[in-house]
Amino acid sequence: MATQQWNPETYEKNARFVSDLGAGVVDLLAPKAGERILDLGCGDGALTEKLVAAGCRVVAVDASAEQIAGAVKRGLDARIARAEALPFDHEFDAVFSNAVLHWIKDADGVVASVARALKPGGRFVAEFGGAGCIATIRSALTAALERRGLDARSVDPWYFPTDLEYAKKLKAHGFTVRFITLFPRPTPLPGEAAAWLETFAQPFLGAVAAADRPALIAEVCDAMRPALYSPDTGWTADYIRLRFAAERAR
Ligand code: BEZ
């Protein structure tokens, strides 16, 4: 199965909006100078820099070696680690995460791993794709693979829970949920939908032979165009976000 890879140049061109739109969850974190914070899934470190600028002592982790190389170039303390297997033991005041948790199907593993990384009373503040996120994009990709006799579910990398489902998980791992909300955030894309697919939907595209990929992309774009494209504003992705703040038991 093709996995999702992050290339620093295409990320800068096609995905910079991901960190640009992270201000809301940084505000919810309300970082305080001197706090020790783990940035979980830091990407190339654009938001980590904001936490450092707020005076926090930040460790940034990501599963992608390419992204960590970008974060290290910014001068950050950035390390390769998987969210479900964080090598930290009750040492952070807060764990922060933007636009990452929807890539990890083992959500219980992640929440347990975060609980271990936090000090008693530490905060877990995050935002990611929630139930219904990119429904138009996901169903166009699924239909295009199914037309080729392929099982889209086996390559679909995304986990988009409801607020109720995720709150239950947090509570099961000893968190008190202080705030949780699921909200639509239609997201204007910086370019063509094809570039979004090539950046974010690699597991689907990798399911077909390279020679068939341009046709697959064209078909998916045609299917999405009526819902997601306007000649005036270009492409807008149908993102739905889940944002929460929870506190680990003392
Ligand atoms: C998101 O940031 O919500 C997202 C990114 C890629 C695929 C799906 C959702």
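Cut-offs used in this document
- Residues numbered from 1 in each chain as written.
- Predicted model: local features only at pLDDT ≥ 70, side-chain atom pairs only at ≥ 80, totals over all residues.
- Heavy atoms only, no water.
- Axes fitted to C-alpha atoms, helices over the stretch in contact; angles between N-to-C directions.
- Helix = DSSP H or I, 4+ residues; strand = E, 2+ residues; numbered from the N terminus.
- Parallel < 35°, antiparallel > 145°, perpendicular 65-115°, else oblique.
- Left-handed = near helix turned anticlockwise from the far one by under 90°.
- Contact = heavy atoms within 4.5 Å.
- Phe/Tyr/Trp six-rings, centres within 6.5 Å; stacked < 30°, edge-to-face > 60°.
- Expected span 1.5 Å × (residues − 1).
- Bend = angle between axes of the 7 residues up to and from the residue.
- Buried < 20%, exposed > 50% of the residue type's maximum accessible area, 1.4 Å probe, protein only.
- Pairing = 2+ DSSP bridges.
- Near = heavy atom within 4 Å.
- Areas by Shrake-Rupley, 256 points an atom, 1.4 Å probe, with all protein chains shown as cover.
- Nonpolar A, V, L, I, M, F, W, Y, C, P; charged D, E, K, R; others polar.
- Salt bridge = Lys/Arg side-chain N within 4 Å of Asp/Glu carboxyl O.

Caption draft 1: The packing of helix 6 (residues 107-117) against helix 8 (residues 163-172), seen in detail. One can describe the packing of helix 6 onto helix 8 by two numbers: an axis separation of 9 Å at closest approach and a directional angle of 45 degrees. On the basis of their axis angle, the class for helix 6 and helix 8 is oblique. Like other packed secondary-structure pairs, helix 6 and helix 8 cross with a definite hand, here right-handed. For the pair formed by helix 6 and helix 8, the contact residues are Ala107, Asp108 and Val111 on the first element and Tyr166, Lys169 and Leu170 on the second.

Caption draft 2: How the structure looks around the packing of aromatic side chains. For the structure on display, the rule yields 18 aromatic pairs. Look at Trp158 and Phe160: their rings are 6.1 Å apart centre to centre, the planes differ by 25 degrees, and that puts the pair in the stacked class. Through pairs of rings, three or more aromatic residues link up here, namely Trp6, Tyr11, Phe17, Trp103, Trp158, Phe160, Trp196, Phe200, Phe204 and Tyr239.

Caption draft 3: Structural context of helix 11 (residues 213-228). Taking 1.5 Å as the rise per residue, helix 11 with 16 residues should run 22 Å; its terminal C-alpha atoms sit 21 Å apart, in good agreement. Along helix 11, the helix axis deviates most sharply at Asp222, where the bend reaches about 30 degrees; the proline Pro226 sits within four residues downstream. Among the residues making up helix 11, those that are buried are Leu216, Ile217, Val220, Cys221, Met224 and Leu228. In this fold, the buried residues of helix 11 make contact with helix 7 (135-147), helix 9 (193-200), helix 10 (202-205), strand 8 (229-230) and strand 9 (234-237).

Caption draft 4: Representation of the sheet that holds strand 3 (residues 78-80) within the structure. Spatially, seven strands are ordered 3-2-1-4-5-10-6 in an open sheet, and the strand pairing comes out mixed. Each having just a single partner strand, strand 3 and strand 6 (175-184) make up the two edges of the open sheet. Adjacent strand axes in the sheet meet at a mean angle of 15 degrees, parallel and antiparallel pairs treated alike. Across nine bridges, the pairing between strand 6 and strand 10 (residues 240-248) is antiparallel. Bridging from a neighbouring strand, Leu182 pairs with Leu242 of strand 10. Running over the sheet, helix 4 (residues 46-53) touches strand 1 (36-40), strand 2 (57-62) and strand 4 (92-98) and is turned about 170 degrees from strand 2.

Caption draft 5: Spotlight on the site of the ligand. As a structural note, the neighbourhood of the ligand is formed by Ala99, His102, Trp103, Gly129, Cys133, Ile134, Trp158, Phe160, Trp196, Phe200, Tyr239 and Arg241. For the ligand, whose unbound accessible area comes to 260 Å², protein coverage reaches 98%. For the shell around the ligand, the per-class residue count stands at nine nonpolar, two polar and one charged.

Caption draft 6: Looking closely at the pattern of salt bridges. Evaluated as defined, the whole model comprises 21 salt bridges. Measuring nitrogen to oxygen at the nearest pair gives 2.9 Å for the salt bridge that ties Lys119 to Asp93. Of the two residues, Lys119 is situated in strand 5 (residues 118-129) and Asp93 in strand 4; the sequence distance between them amounts to 26 residues. One salt bridge in this structure joins Arg225 and Asp222, with 2.7 Å as the shortest N-O distance. With a gap of three residues between them, Arg225 and Asp222 both fall in helix 11, about one helical turn apart. Salt bridges sharing partners connect three or more residues here, namely Glu12, Arg16, Asp44, Glu49 and Arg74.

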